[in-house]
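Geometric and topological summary
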Amino acid sequence: MSTTANTRAPDLTDQLRIWVDGTVYSDPSLARVSAVDHGLVVGDGVFEALKVTADGPFTLQRHLDRLTRSSRAIGLPDPDHGLIREAIAAVLEDRTFVDGKVRITYTGGPGPLGSHAAFGPPTLVVAADGRILARPSAAVVTTPWTRNEKGALAGVKSTSYGENVRSLAYAHERDASEAILLNTASHVCEVTGSNIFFVYGSEIITPPLSAGPLAGITRDLVLQWCDVTEANLSLTEAQAADEVFLTSSLRDVQAVHRWDEVQFSADPVGPRTRQVAELFAHRSAETPEP
Ligand SMILES: Cc1ncc(COP(=O)(O)O)c(C=O)c1O
């Protein structure tokens, strides 16, 4: 098994399909929104990313519900779940891939060249593409920047992901594929695109939502299916774990084999992480809406 850092997401493929305003495009340069879209101008938007398997989209209802919660948190009108489902069906029609992803982007729509509210109507873009499955383990680094667990966007899946882009680039520059963010209390919060779990013997710990992470849907399922305690940990405490793993919709459960200078075990995937990953795979194969 390779433990080389998976530092590059695959490029868009020729299986990409993008829905804008009722039309599906396969050429992204033709799928357009306004140049004064408030999502583009100030990042006034929310999004979801979910996996597609042979059975179709996984946990779609949970993602739609979180999109609504994120929209309310930043003051956008509730998104139309029926329309989004139609758009997803349209971009997945005649798909040639088995494993894929869907990205839903929902913004304030056309607006001013500043931070006053968008004029609307909101913009909805739904894209689907094939995907390469995540590696079983990842190397991660701690970023020098802080996640503000008391900020207006804490826990909101907003399109204002500039900090995440910068943090991920920081990780890539250090031959790692993910970056760990601490919060203002110096507790471990989350990763740029994942939640984080720590294994100490038979105990599994993850940061509570009050620490500022996104309420990950994969995190939620792991909490539902496994015995997990929510607790705040300092960097030193977290790096003293026997095993560490990440969760997200597009990586499921992924072991961490190296964190900064700390190597976790001879086997890149520790035994407890392997159990959780197998249980997750088994339970999520039972139904697409667990
Ligand atoms: C910042 C952040 N934390 C956690 C997650 C994991 O959430 P989920 O399991 O819902 O994909 C994501 C997913 O993209 C994320 O962007």
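Look a little higher up for the structure.
Residues numbered from 1 in each chain as written. Predicted model: local features only at pLDDT ≥ 70, side-chain atom pairs only at ≥ 80, totals over all residues. Heavy atoms only, no water.

Bringing the pairing of strand β7 (residues 137-147) into the picture now. Judged by how many residues are buried, β7 sits mostly within the fold: eight of eleven residues are covered. Note that β7 and strand β14 (residues 252-259) share four bridges and pair parallel. Bridging from a neighbouring strand, Ala138 pairs with Val256 of β14. In this sheet, strand β8 (residues 178-183) lies alongside β7 in parallel orientation, the contact comprising five bridges. Across the sheet, the residue bridging to Thr146 is Leu182, located in β8. The parallel pair β7 and β8 is bridged by helix α4 (residues 162-173), and the resulting crossover is right-handed. (Buried < 20%, exposed > 50% of the residue type's maximum accessible area, 1.4 Å probe, protein only. Helix = DSSP H or I, 4+ residues; strand = E, 2+ residues; numbered from the N terminus. Pairing = 2+ DSSP bridges. Right-handed = clockwise from strand over helix to strand, strands pointing away.)

Further remarks concern the pairing of strand β9 (residues 188-191). With three bridges joining them, β8 and β9 adopt antiparallel strand pairing. By the bridge assignment, Ile180 is partnered in β9 with Val191. Two successive antiparallel strands, β8 and β9, enclose a turn made up of four residues, where Ser186 displays a positive phi of approximately 65°.

Relative to the 16 Å expected for twelve residues at 1.5 Å per residue, α4 spans 17 Å between its end C-alpha atoms, a close match to the ideal helical length. Those residues of α4 that fall on the buried side of the exposure criterion are Asn164, Ser167, Tyr170 and Ala171. Burial along α4 is one-sided: seen end-on, the buried residues are contained in an arc of 120°. Along α4, exposed side chains directed more than 90 degrees from the buried face belong to Val165 and Glu173. Looking one or two residues beyond α4, the residue adopting positive phi is Asp175, at roughly 60°. (Expected span 1.5 Å × (residues − 1). Arc of directions from axis to C-beta.)

This part covers the pattern of salt bridges. Overall, the coordinates contain 13 salt bridges when judged by the stated rule. Between Arg147 and Glu163 there is a salt bridge, with its nearest N and O atoms 3.8 Å apart. Pair noted here: Arg147 is in strand β7 and Glu163 is in helix α4, with a separation of 16 residues, a long-range link. Among the ionic contacts, a cluster of salt bridges with common partners joins Arg147, Glu163 and Glu190. (Salt bridge = Lys/Arg side-chain N within 4 Å of Asp/Glu carboxyl O.)

Turning our eyes to something else, we now look at the side chain of Ser71. Note that Ser71 resides in helix α2 (residues 60-74). Polar contacts involving the side chain of Ser71 include one to the main-chain carbonyl oxygen of Leu67, which spans 2.7 Å. Among all residues touching Ser71, those that are not within four sequence positions of it are Val46, Leu76, Pro77, Pro79 and Tyr106. (Polar contact = N/O pair within 3.5 Å; in protein donor to acceptor, adjacent residues only side chain to side chain. Contact = heavy atoms within 4.5 Å.)

Lys157, Tyr161, Ile217, Thr218 and Ser249 are the nearest of the 17 residues found near the ligand. The contact in question runs from an oxygen atom of the ligand to an N or O atom on the backbone of Ile217, over 2.7 Å. With respect to the ligand, the side chain of Ser249 contributes an N or O atom lying 2.7 Å from an oxygen atom. Contact with the protein chains removes 94% of the 380 Å² of surface that the ligand exposes when unbound. Secondary-structure elements contributing two or more residues to the shell around the ligand are β9, α5 (217-225) and β13 (243-248). Across the shell around the ligand, the residue classes tally to four nonpolar, ten polar and three charged. (Near = heavy atom within 4 Å. Areas by Shrake-Rupley, 256 points an atom, 1.4 Å probe, with all protein chains shown as cover. Nonpolar A, V, L, I, M, F, W, Y, C, P; charged D, E, K, R; others polar.)

This part covers the sheet that holds strand β2 (residues 23-25). Read from one edge of the open sheet, six strands run β2-β1-β6-β5-β3-β4, paired in antiparallel fashion. The sheet is open, and its two edges are formed by β2 and β4 (56-57), each paired on a single side. By the bridge criterion, four bridges tie strand β1 (residues 17-20) to strand β6 (residues 123-130) in an arrangement that is antiparallel. Residue pairing in the sheet places Val20 in a bridge with Val125 of β6. On top of the sheet, α2 reaches β3 (45-53), β4 and β5 (100-107); it is set at about 170° to β3, its chief contact. (Axes fitted to C-alpha atoms, helices over the stretch in contact; angles between N-to-C directions.)

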